[in-house]
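Examination of the molecular architecture
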Amino acid sequence: MIAVWVSLCHFKSKIMSKSTIEWTSKTWNPTTGCTIFSKECDNCYAKTMSKRLEAMGQEKYKQGFDVFVEHPDTLQEPDRWKKPAMVFVNSMSDLFHKDCTPEFLKKIFQTMNRNLKHTYQVLTKRDDNLLKLSDQLTWTDNIWMGVSVGSVVSVRKIDRLRECGAKNKFLSIEPLIEELPDLDLTGIDWVIVGGESGSGNIRPMKKEWALKIKKNCEDHNVSFFFKQWGKVKFNPDPNDPTINKHHPYRAKGGCMLDGKLYLNNPTESLKNTTL
């Protein structure tokens with residue numbers, strides 16, 4: 001699998017819901033568009049992708065990335081998926097954006113509530129809105145709720161995640177752009193760590209930062225998933241075989257940490273792997 005899409009064909013397949021993100025199998029985007037919220041957003045992959053999709057004439061993205069848009073016509077998409085799937089909800093937006101109406105958010109949750117065969121992974125940077133709206137939503141067991149925590153100032157989001165009504169909770173520590181303090185992972189089920197990728201002024205991730213989070217996970221018995229280094233030049237192991245495009249677990253910059261793969265994913269037992 002690869003961490004980003006390298007051709008227009010891959011972009012098209014992404015929009016058709018199949019995903020190449022390592023920790024999920026499908027994406028579902030009932031809303032599109034977002035706005036800068038924190039310094040982790042500086043090199044947002046979704047913003048770059050949205051521009052390309054707009055240039056390709058994709059109807060969903062014609063208003064550009066900076067305009068938040070609700071898409072009612074997508075609400076029934078999961079109803080048509082016959083096989084159980086892991087579904088990343090809103091890879092191209094944020095469900096808890098200030099412009100998402102509570103009424104539409106409830107409809108999205110109703111879709112997830114009635115399609116119990118699928119597992120939904122919802123990720124937000126907007127922890128305040130998550131907590132504000134949590135009591136208005138039905139949190140069935142198939143919904144995993146996560147917050148993005150890539151900088152010291154974002155660590156506060158973990159407390160609000162703990163307080164929300166979701167039964168399953170995870171952290172996306174990607175991009176990890178600075179060393180985090182020891183994390184209290186009480187009530188957290190899963191942690192994903194990754195470096196920044198893309199173009200522009202990409203910020204490095206240091207090995208000791210990732211190892212510190214791995215130790216926090218071990219101390220709290222939390223599943224740990226190491227996604228990628230982001231850039232080859234940031235990978236301390238130039239011989240990491242996952243740098244090679246032909247490796248089955250190839251990722252941007254490689255994805256081995258001290259010579260091992262950490263692909264623990266409690267949302268799909270088959271991916272609970274340490275190699």
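Described below are features of the structure shown in this document. (Residues numbered from 1 in each chain as written. Predicted model: local features only at pLDDT ≥ 70, side-chain atom pairs only at ≥ 80, totals over all residues. Heavy atoms only, no water.)

Bringing the overall build of the protein into the picture now. From N to C terminus, the protein includes six helices and nine strands. Its C-alpha atoms put the protein at 50 × 40 × 35 Å along the principal axes. In the protein, once contacts between residues fewer than 6 apart in sequence are set aside, the share between residues at least 24 apart is 69%. Entry remark: accessible area of the protein is about 12,500 Å², with carbon and sulfur atoms responsible for 51%. Positive and negative side-chain charges in the protein, numbering 41 and 33 respectively, have mean positions lying 6 Å apart. (Helix = DSSP H or I, 4+ residues; strand = E, 2+ residues; numbered from the N terminus. Contact = heavy atoms within 4.5 Å. Areas by Shrake-Rupley, 256 points an atom, 1.4 Å probe, with all protein chains shown as cover. Lys, Arg positive; Asp, Glu negative; His and termini not counted. Charge placed at Lys NZ, Arg CZ, Asp CG, Glu CD.)

What helix 2 (residues 45-55) keeps buried is the set Ala46, Met49, Ser50 and Leu53. Looking down the long axis of helix 2, one finds its buried residues gathered within 105 degrees of arc, a one-sided arrangement. Opposite the buried face of helix 2, at more than 90 degrees from it, the exposed residues are Lys51 and Ala55. Positioned one or two residues after helix 2, Gly57 has a phi angle of 85 degrees, which is positive. (Buried < 20%, exposed > 50% of the residue type's maximum accessible area, 1.4 Å probe, protein only. Arc of directions from axis to C-beta.)

This next bit is on the side chain of His97. Secondary-structure assignment places His97 in the loop between strand 4 (86-89) and helix 3 (102-114). Its relative accessible area of 1% is what places His97 among the buried residues. Reaching out from His97, the side chain makes a polar contact with the backbone nitrogen of Asp99 at a distance of 3.0 Å. Dropping the residues within four chain positions of it, His97 is found in contact with Cys34, Thr35, Phe68, Arg126 and Asn129. (Polar contact = N/O pair within 3.5 Å; in protein donor to acceptor, adjacent residues only side chain to side chain.)

Between its first and last C-alpha atoms helix 3 spans 18 Å; for 13 residues at 1.5 Å apiece the expected length is 18 Å, and the two agree. Of all the positions in helix 3, only Phe104, Leu105, Ile108, Phe109, Thr111, Met112 and Asn113 are classed as buried. (Expected span 1.5 Å × (residues − 1).)

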